[in-house]
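# Tertiary structure, described
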Amino acid sequence: MSRLVIVSNRVPPPRTKGAASAGGLAVALQSFVEPGTLWFGWSGRTAPETSSEPRIVEGGGVQYATIDLGTQDYARFYVGFANSSLWPLLHFRLGLMRYRREDFDGYLEVNAAFAAALRPLLREDDIVWVHDYHLMPLATALRALGFRGRIGFFLHIPFVPPSVFDALPPARGVLKALCDYDVVGFQTRTHLQDFLDCASRIGGFEVEGDDIIVAGRRVRAIADAIGIDAPGFARIAQRSTGTAYIQRVRESLIDRHLVISAERLDYSKGLPNRFEGFARLLARFPQHHRRVSMLQIAARSREEVAAYQSLRRELDRLAGDINGRFSQFDWVPLRYMTQTVARTKLAGLFRVARIGLVTPLRDGMNLVAKEFVAAQDPADPGVLILSRFAGAAEELTDALLVNPYDSDEIAEAMNTALEMSLEERQERHAALRRAVFEVTSARYCNVFVDALKG
Ligand code: GDG
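## Points about unusual backbone geometry
Even without being a glycine, R302 presents a positive backbone phi close to 45°. By the secondary structure assignment, R302 is in the loop between β12 (292-299) and α11 (306-326). For N366, which is not a glycine, the phi torsion comes out positive at approximately 95°. Mapped onto the elements of the fold, N366 is located in the loop between β14 (355-358) and α13 (367-375). We classify N366 as buried; its relative accessible area is 6%.

## Overview of the sheet that holds strand β7 (residues 183-186)
If you walk across this open sheet you meet the 10 strands as β3-β4-β2-β1-β5-β6-β7-β10-β9-β8, and the pairing is mixed. Two strands bound the open sheet, and with one partner strand each, they are β3 (55-59) and β8 (206-208). Here the strands of the sheet are splayed against their neighbours by 25° on average, with no regard to which way each runs. By the bridge criterion, 3 bridges tie strand β6 (residues 151-154) to β7 in an arrangement that is parallel. Residue pairing in the sheet places F154 in a bridge with G185 of β7.

## What about the packing of helix α2 (residues 71-90) against helix α3 (residues 101-118)?
For the pair α2 and α3, interaxial distance at closest approach is 8 Å and the crossing angle is 110°. The angle between α2 and α3 places the two elements in the roughly perpendicular class. α2 and α3 meet at a crossing whose hand is left-handed. When α2 is examined against α3, the residues D73, A75, R76, F77, G80, F81 and L86 are found in contact with a partner set consisting of E102, D103, F104, G106, Y107, E109, V110 and N111. Among the residues forming the contact of α2 with α3, the class breakdown is 7 nonpolar, 3 polar and 5 charged.

## What about the environment of G320?
Here G320 shows up in helix α11. Sequence-wise, G320 and D68 are 252 residues apart; in three dimensions their C-alpha atoms are separated by 39 Å.

## Some remarks on the packing of helix α9 (residues 244-253) against helix α12 (residues 343-352)
One can describe the packing of α9 onto α12 by two numbers: an axis separation of 10 Å at closest approach and a directional angle of 40°. Between α9 and α12, the interaxial angle falls into the category oblique. Once α9 is placed against α12, the crossing between them reads as right-handed. Two secondary-structure elements touch here, α9 through Y245, I246, V249 and R250 and α12 through K345, G348, L349 and V352. By residue class, the composition of the contact of α9 with α12 is 5 nonpolar, 1 polar and 2 charged.

## What to know about the site of the ligand
Lining the immediate surroundings of the ligand are 25 residues, of which H156, V341, D363, L367 and E371 lie closest. In the environment of the ligand, an oxygen atom lies 2.9 Å from a nitrogen or oxygen atom belonging to the side chain of R264. Here an oxygen atom of the ligand and a side-chain polar atom of E371 are 2.5 Å apart. Taking 730 Å² as the accessible area of the ligand by itself, protein coverage stands at 97%. With 3 residues, the single largest contributor to the shell around the ligand is α13. Class assignment for the residues of the shell around the ligand results in 11 nonpolar, 8 polar and 6 charged.

## Observations regarding the pattern of salt bridges
One pass over the full model with this rule turns up 30 salt bridges. Between R284 and E412 there is a salt bridge, and its shortest N-O distance comes to 3.0 Å. Of this pair, R284 sits in helix α10 (residues 271-284) while E412 sits in helix α14 (residues 407-419), and the two are 128 residues apart along the sequence. Assessed through its relative accessible area of 35%, E412 is described here as partly exposed. Between E303 and R300 there is a salt bridge whose closest N-O contact spans 3.5 Å. Residues joined by salt bridges that share partners form a network here, namely E276, R280, R284, D408 and E412.

Procedures and definitions
Every residue gets a number counted from 1 within its own chain, in the order that chain's sequence is written. Given that this is a predicted model, residues contribute local features only at a pLDDT of at least 70 and side-chain atom pairs are listed and counted only at 80 or more, while totals for whole chains, interfaces and linings are drawn from all residues. Calculated side-chain values reflect all of the structure's heavy atoms, with hydrogen atoms and water omitted. By the criteria applied, helices consist of DSSP H or I runs no shorter than four residues and strands consist of E runs no shorter than two, each listed in order from the N terminus. Only protein chains enter the accessibility calculation, which uses a 1.4 Å probe. A residue is then buried if its area is under 20% of the maximum for its type, exposed if over 50%, and partly exposed in between. In short, DSSP must find at least two bridges between two strands for them to pair. To get an axis, a line is fitted to the C-alpha atoms, and for a helix only the part in contact is used. The angle between two axes follows their N-to-C directions and goes from 0 to 180 degrees. In what follows, roughly perpendicular refers to angles from 65 to 115 degrees, roughly parallel to angles under 35, roughly antiparallel to angles over 145, and oblique to any angle outside these ranges. When the near helix sits turned anticlockwise from the far one by under a right angle, the crossing is termed left-handed; a clockwise turn instead gives a right-handed crossing. Working rule for contacts: check all heavy atoms of both residues, and any pair within 4.5 Å makes them a contact. Under the scheme applied, nonpolar residues are Ala, Val, Leu, Ile, Met, Phe, Trp, Tyr, Cys and Pro; charged residues are Asp, Glu, Lys and Arg; polar residues are all the others, including Gly. Throughout, the term near means that a residue has one or more heavy atoms lying within 4 Å of the molecule or strand in question. By the criterion applied in these results, polar contacts are pairs of N or O atoms within 3.5 Å in which, for protein atoms, one can donate a hydrogen and the other can accept it, and in which residues neighboring in sequence qualify only through two side-chain atoms. Per-residue and other accessible areas were derived by the Shrake-Rupley procedure at a 1.4 Å probe size, with only the shown protein chains allowed to occlude residues. A pairing counts as a salt bridge when a side-chain nitrogen of Lys or Arg comes within 4 Å of a carboxyl oxygen of Asp or Glu.

Printed below as a string of structure tokens:
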């Protein structure tokens, strides 16, 4: 049987199941990796130079091979092209896109360095599954080193239509690199279609159904929604409610409804618009004063990128404004924290919340929405308010779907959720629960690996 090799920018340290980690990819894949798997990527550390030899650690029969990034490579590849060009571009934020040719060169060089360090570890019948926007040119680099096995790529974030993608100076080169994979996967049919349109209109490639034909070779493009380990998450949520931590949360609420939001502190997640939505709820529906408490957990992320620093300043200001305007001597409407919370605590918080407020401006999928649903008590479930522009909205159609740019619509949805009858909450939750328990992380992995095996 051929071995599975996973390649991702960040590799989780061995045996961290359940540990605090604010990254969707590691969470989804960790329940899937089996003994015998090789997981290759960046260690998360910088060094004067990018290492040429990987450090290999074993844990639970899985081999974790990592390299350090040189400080200059880190600046050009990670901070530069990946997170200042591709991330904003693929989240439809052209105004935030920064492009420098030297960053793109660094991106190609780091991908070549990944390939050079990985190549000696590969067996000819390995199947290689590459993850996310940091590593689009990896297949090209591995092919240049003579690897002939199957290589697949999955994009965790959205893809954009040609009119947006065309703004990226090396747009055609990036598309050509993606066509060096055997399978290219996207979260939703919409992202897949946008990619096919770009391949045809910008790349000039022949598209046949969902396949792209390049020099007689067929590249298969698929939509494969990522999911969660729903029964596992439901279990930890249920157990967590009995803990002293959740007891203290309940005491601090004094019978008020909890509105919960949790994500990386990222401009794609729509936090300022959401804070504004909460302010409008309090301004327009004063009956909820003292009856509701919002907790925003926003784990700090990518602090080297300027756009993230200004977002943090903006949120500090908005949170201060809201609390200054609406607080009473014994009620603070918004609790806002930028530390990471342990996964079990997060699951418990989701379970006791009346509203899960998940309003990204764009999101590939959004696992928080699925986790919130899995965590609920079916007898007394909370209500999910979800952005129409999260990939998850294509499956979770029984949530209250909102346009995240419209803070009045967010406020109205919160009011609806707070007033919603138990019967309607149960009906909506039952439908959402079916969807979340059907599209699990295991299914996501199996669909992709089956397609890759061909
Ligand atoms: C990318 C795409 C796609 C968040 N805060 C804390 C914490 N988290 C956990 C959540 C969830 C994960 O991190 C975040 O996953 P998301 O899917 O919501 O978002 P991204 O990190 O942007 O992930 C996204 C995903 O890849 C997978 O394909 O869905 O669209 O952008 O599991 O619970 N976990 C802990 N403490 C926190 O404070 N422990």
